[in-house]
2 protein chains.
Amino acid sequence: MDNNIAENSKNDLQKIVIIGGVAAGPKITAKLLRSNFACQIDLYTEEDMISYSSCGLPYFIEGLIEDPQRLIVRRPEQFEEKGAKIHLNKRCTKIIPEEKKVLIQDTKSGIIKEVFYDKLAITTGARPIIPPIENVHLKNIFTLRKLQDGINIKNKIKEKETKKAVIIGGGYIGIEILEAFYKNDLEVFMIEQNPHILPIFDPEISDMIKESIVDISNGKVHIITDDSVVSFEGKDKVERVITSKGQIIDTDLVVIAVGVIPNSEIAKDAGIELGFKNAIRVNNRMQTNIKDIYAAGDCIENFHLVSKNYCWIPLGSSANKEGRCAAINISGQYDAFPGVLGSAVTRYDGLTMSLTGLTETDAKKYGFEVITSTMTKKDKAGYMPDAENITIKLVVDKRLRKILGAQAFGSGDADKRVNTVASAIMADQTIDEFLHLDMTYAPPFSTAVDPLLSAALVINNQIFKS
Amino acid sequence: MDNNIAENSKNDLQKIVIIGGVAAGPKITAKLLRSNFACQIDLYTEEDMISYSSCGLPYFIEGLIEDPQRLIVRRPEQFEEKGAKIHLNKRCTKIIPEEKKVLIQDTKSGIIKEVFYDKLAITTGARPIIPPIENVHLKNIFTLRKLQDGINIKNKIKEKETKKAVIIGGGYIGIEILEAFYKNDLEVFMIEQNPHILPIFDPEISDMIKESIVDISNGKVHIITDDSVVSFEGKDKVERVITSKGQIIDTDLVVIAVGVIPNSEIAKDAGIELGFKNAIRVNNRMQTNIKDIYAAGDCIENFHLVSKNYCWIPLGSSANKEGRCAAINISGQYDAFPGVLGSAVTRYDGLTMSLTGLTETDAKKYGFEVITSTMTKKDKAGYMPDAENITIKLVVDKRLRKILGAQAFGSGDADKRVNTVASAIMADQTIDEFLHLDMTYAPPFSTAVDPLLSAALVINNQIFKS
């Protein structure tokens, strides 16, 4: 321990300690290394690697990526070459702000040592929720978060005798695993306890998506809503799941994808304020309530730019922005991250589903008086042979006429159009302004009046009438 | 003639006369028919059909669309059922504002009659420029604008002996015809008199596009810049083109695609003010300088939202918006069309090229002090097997930090990202605001930091430094 203190104080560089190594942590490291800020960076992670795309795991399982190493964005050596120290298999067990130090435990030896910091960044991310289901510790019951989780699941589905799978949870990750399993010829049951899968969409959109997924899948995919798993059965390894409505489903493996929770316990223990869903509360400079302690990535609370409420929407895209913002402020410059729209996208076998801003459901919950239009149109000129349907739902504040959100899905290009709306929402545009947007047009790319503008025109006409 | 006057005055409905039937004219008709405005609509066109997608003609020639009738958006009957009268093969030869009448000539019989209007809409579009090249009237020399042009070209390339073609002009239409010809196994020479094809892009981007097109085309496509055609040779039909630098190119057909000019002569003759490139000058309600005369579509001048200058960018997407605006104002309601960004897109065999706002070249011409970033990145997570390169160039006002324009090209998704920038430009966003945009992310759709945001970050860093 004394050694360490000595090492820590051997020069006058600012000591930046980063806890967590998947997305925001490496981003902070990279950004600090590129700046002129004189500092010594030490990044600690309990894993045996850093900087990997956990979002890519479903596509590794699907088989689109052979080598899991390809999901690694940056290797420790890439940081070490530039002077940062990356400490693998080292877990932070305690933050002691009064002494500006953290306790770091070696995950193999169990030995704990003190590490002093001038500035600390908490980028501990989130972890899967494991519901208290009977026999949840049977073999072949997985969650998907870390690289090794993906490797374990892929190994299991590659076994010849693996024919059936159960996915618990119908959110984004659930859908992505569903696609991976379906593409690997498994018969899959998805069980969602809510009345609708993808509850971040409005219910009628979720239902259209569900119907499309089942249609595409030729009877190999079964989606059960309004039911939940109460127990797993099997000796040693899982063989059956039992639902609360009494369904008994034979299976060779189970993936639990019912959501995540922020890894914020060590922050809380240190007196750092938590916010929505126990995510770490930060200001728009990524500063916690304790001086010199920053946080970024999946473990922090978000400010929602439309609802103007705090929320928790952990996404890789935000983690990068927050990491950048934290690094700039840590280095003594100024940067502010305004907040999120909750923009997200996923796909299922050619079906894209995407959204930004508030759904109708959420907008009403936040007290907006809303007007919406939902429209299904071709994504390209109707006479083009590859024209495909997309369905777009726009949600608009009826009184201020501001765009609040957009949802889109379909076999056509439903994703980038949502970004076009995101850009308008970010700039606080009204539907009247938006419907004049000069969007690119050529028959292979859109209709002369883009589906987005058609949806906007419908709302405009409705407001006129109402 | 007396008959006609009688017919025109037999009731008290407002008489709306529309001249021109391709895009803006039918749009005005459709919008008026949907409104509660009591009017009699008479639309006159010199063609034998209305409401077709001339933008679709290259794809008909390419063979993606078998039946040219599929390019027809609405048939005269669809309007006539709802009470509008569509007059085919009727050319407007004169507008007499003092008497609120137009002269309409039957293109077959030559008979001219008077038609009175309460409100007149000029939607006469544009026509191809035919340069004064020697022997330009030889057979198998085409332009592409009307449906019949497309049919004629397609018939020619379907002849077994058609092997070689020359396209004069390297703009959008030229590129689209090039794709159609290349896909039909012709050997094609494109001749562009400027130093670069696609002169609406910045030169270095044009050159990258040119290189990509030639690379893709396996020696079947030859692009000649900085040269022009001085004469055609052949007896009866074209056999050779001769360029000003003395190149002699054998060919079976020629398409002239050197640009278009507005059909504004009858407007000018009537005392209607013209603007940039002789396009009809209108205000933002689509009103000309003469009371009760409106204009919309390819024949009108545009206001550019970034340069704040008048320009002429005739596009089908704008024609629809202008038609809608004209109809609302004709019906006595109020609508204003703010202007255009010049957003456009085309493709060549999987290569997308797209832009919005001002190029660096244009921005400098208008006196902006600009900063740019050009970046080539994968359009999806690099480990996805279908990730493709896109190159994005952002142009930003260095002092006000406003985004002025974006250009993008590549085999990846370069089009919709340009629309995301268009939305930001429309809302007058700065690069600092834009780089915080919450864009959707999932590995099959983008990188965790989208290429657009990477380009924005580079500019942001440059501004910091400079």
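Residues numbered from 1 in each chain as written. Chains lettered and ligands numbered in written order. Predicted model: local features only at pLDDT ≥ 70, side-chain atom pairs only at ≥ 80, totals over all residues. Heavy atoms only, no water.

With that settled, consider the interface of chain A and chain B. Between chain A and chain B, the contact holds 66 residues from the first and 67 residues from the second. Together, the buried faces of chain A and chain B total about 5500 Å²; carbon and sulfur atoms form 59% of this surface. Summed over the three residues of chain A that lose the most area to chain B, namely Tyr383, His436 and Asp438 of chain A, the buried surface amounts to 14% of that side. Seen at the junction of chain A and chain B, the total is zero salt bridges. (Contact = heavy atoms within 4.5 Å. Buried area = accessible area lost by both parts, 1.4 Å probe. Salt bridge = Lys/Arg side-chain N within 4 Å of Asp/Glu carboxyl O.)

So, on to the pattern of salt bridges. A complete count under the given rule lists 56 salt bridges over all chains for this structure. Residues Asp298 of chain B and Arg145 of chain B are paired through a salt bridge, measuring 2.6 Å at the closest nitrogen-oxygen approach. Of this pair, Asp298 of chain B sits in the loop between β18 (293-295) and β19 (302-303) while Arg145 of chain B sits in the loop between β9 (141-142) and α5 (147-158); the two residues are 153 residues apart in sequence, bridging distant segments of the chain. Between Glu360 of chain B and Lys393 of chain B there is a salt bridge, with its nearest N and O atoms 2.6 Å apart. With Glu360 of chain B in helix α10 (residues 360-365) and Lys393 of chain B in strand β24 (residues 389-397), the pair connects residues that are 33 residues apart, well separated along the chain. On the basis of relative accessible area, Glu360 of chain B is assigned to the buried category, the value being 18%. Among the residues examined, Lys393 of chain B registers a relative accessible area of 1% and is labelled buried. Connected through salt bridges with shared partners, the residues Asp202, Glu204, Glu360, Lys364 and Lys393 of chain A form a single ionic network. (Helix = DSSP H or I, 4+ residues; strand = E, 2+ residues; numbered from the N terminus. Buried < 20%, exposed > 50% of the residue type's maximum accessible area, 1.4 Å probe, protein only.)

All names here are of chain A. Backbone geometry places Asn89, a non-glycine residue, at a positive phi of 55 degrees. Within the secondary structure, Asn89 is located in the loop between β3 (85-87) and β4 (90-96). A relative accessible area of 16% places Asn89 in the buried class. Positive phi values are uncommon outside glycine, yet Asn140 reaches one of about 70 degrees. Within the element layout of this structure, Asn140 appears in the loop between β8 (126-128) and β9 (141-142).

Along an α-helix, a turn takes 3.6 residues, which lines up residues three or four apart on a common side. All names here are of chain B. Between its first and last C-alpha, helix α11 (residues 415-426) extends 17 Å over twelve residues, near the 16 Å set by a 1.5 Å rise per residue. Of all twelve residues in α11, twelve are buried, a share of seventy percent or more. Every buried residue belonging to α11 is among Asp415, Lys416, Arg417, Val418, Asn419, Thr420, Val421, Ala422, Ser423, Ala424, Ile425 and Met426, and all of these are buried. Once α11 finishes, Asp428 follows within two positions and takes phi at roughly 65 degrees, a positive value. (Expected span 1.5 Å × (residues − 1).)

Once that is clear, we can look at the sheet that holds strand β11 (residues 187-192) of chain B. Residue and element names in this part refer to chain B. Overall, parallel pairing links the five strands, which are arranged β9-β16-β10-β11-β12 in an open sheet. With partners counted over all chains shown, the strands left at the sheet margins are β9 and β12 (221-225), one partner each. Two strands pair when backbone bridges link them, and β11 and β12 are joined in this way by five bridges, in the parallel orientation. Directly across from Val188, in β12, lies its bridge partner Val221. (Pairing = 2+ DSSP bridges.)

Next up on the list: the domain arrangement of chain A. Residue and element names in this part refer to chain A. Per the domain assignment, the segments of chain A are domain 1 (3-55 + 72-126 + 261-330), domain 2 (141-258) and domain 3 (351-465). Computed over C-alpha atoms only, the centres of domain 1 and domain 3 are separated by 38 Å. With five residues of domain 1 at the interface, the matching set in domain 3 holds seven residues. Buried area between domain 1 and domain 3, summed over both chains or domains, comes out near 470 Å², and the portion from carbon and sulfur atoms is 80%. Applying the counting rule to domain 1 against domain 3 returns zero salt bridges. For the pair domain 1 and domain 3, the number of links is zero residue pairs in polar contact (both at pLDDT 80 or more). Here the residues of the side of domain 1 that touches domain 3 are counted per class, giving two nonpolar, three polar and no charged. (Domains from an automatic or database assignment. Polar contact = N/O pair within 3.5 Å; in protein donor to acceptor, adjacent residues only side chain to side chain. Nonpolar A, V, L, I, M, F, W, Y, C, P; charged D, E, K, R; others polar.)

Right, let's talk about the packing of aromatic side chains for a bit. Under the criterion given, the structure shown has four aromatic pairs over all chains. Looking at Lys154 of chain B, its charged tip hangs above the ring of Phe60 of chain B, at a distance of 4.2 Å from the centre. (Phe/Tyr/Trp six-rings, centres within 6.5 Å; stacked < 30°, edge-to-face > 60°. Lys NZ or Arg CZ within 6 Å of the ring centre and 35° of its normal.)

On to the pairing of strand β14 (residues 240-243) of chain A, then. All names here are of chain A. With four bridges connecting them, strand β13 (residues 229-233) and β14 associate as antiparallel partners. From the neighbouring strand, Glu233 faces β14, where its bridge partner is Arg240. Counting the residues that bridge the hairpin from β13 to β14 gives six residues, and of these Gly234 lies at a positive phi of roughly 145 degrees. Relative to strand β15 (residues 248-250), β14 runs antiparallel, the two sharing three bridges. Counterpart to Ile242 in the pairing with β15 is Ile248. Linking β14 back to β15 in an antiparallel pair, the connection comprises four residues, with Gly246 at a positive phi of about 90 degrees.

Another point: the relation of the copies chain A and chain B. For the match of chain A to chain B, the screw axis carries a shift of 0.0 Å, the RMSD comes to 0.0 Å, and the turn is 180 degrees. Such a turn and shift between the copies fits a two-fold axis. Ranked by how close their C-alpha atoms come to the rotation axis, the residues of chain A are headed by Thr420 of chain A, at 2.0 Å. Looking at the interface residues of chain A, 98% of them are also at the interface in chain B, so both copies use one shared face. (Least-squares fit on C-alpha atoms with pLDDT ≥ 70 in both.)

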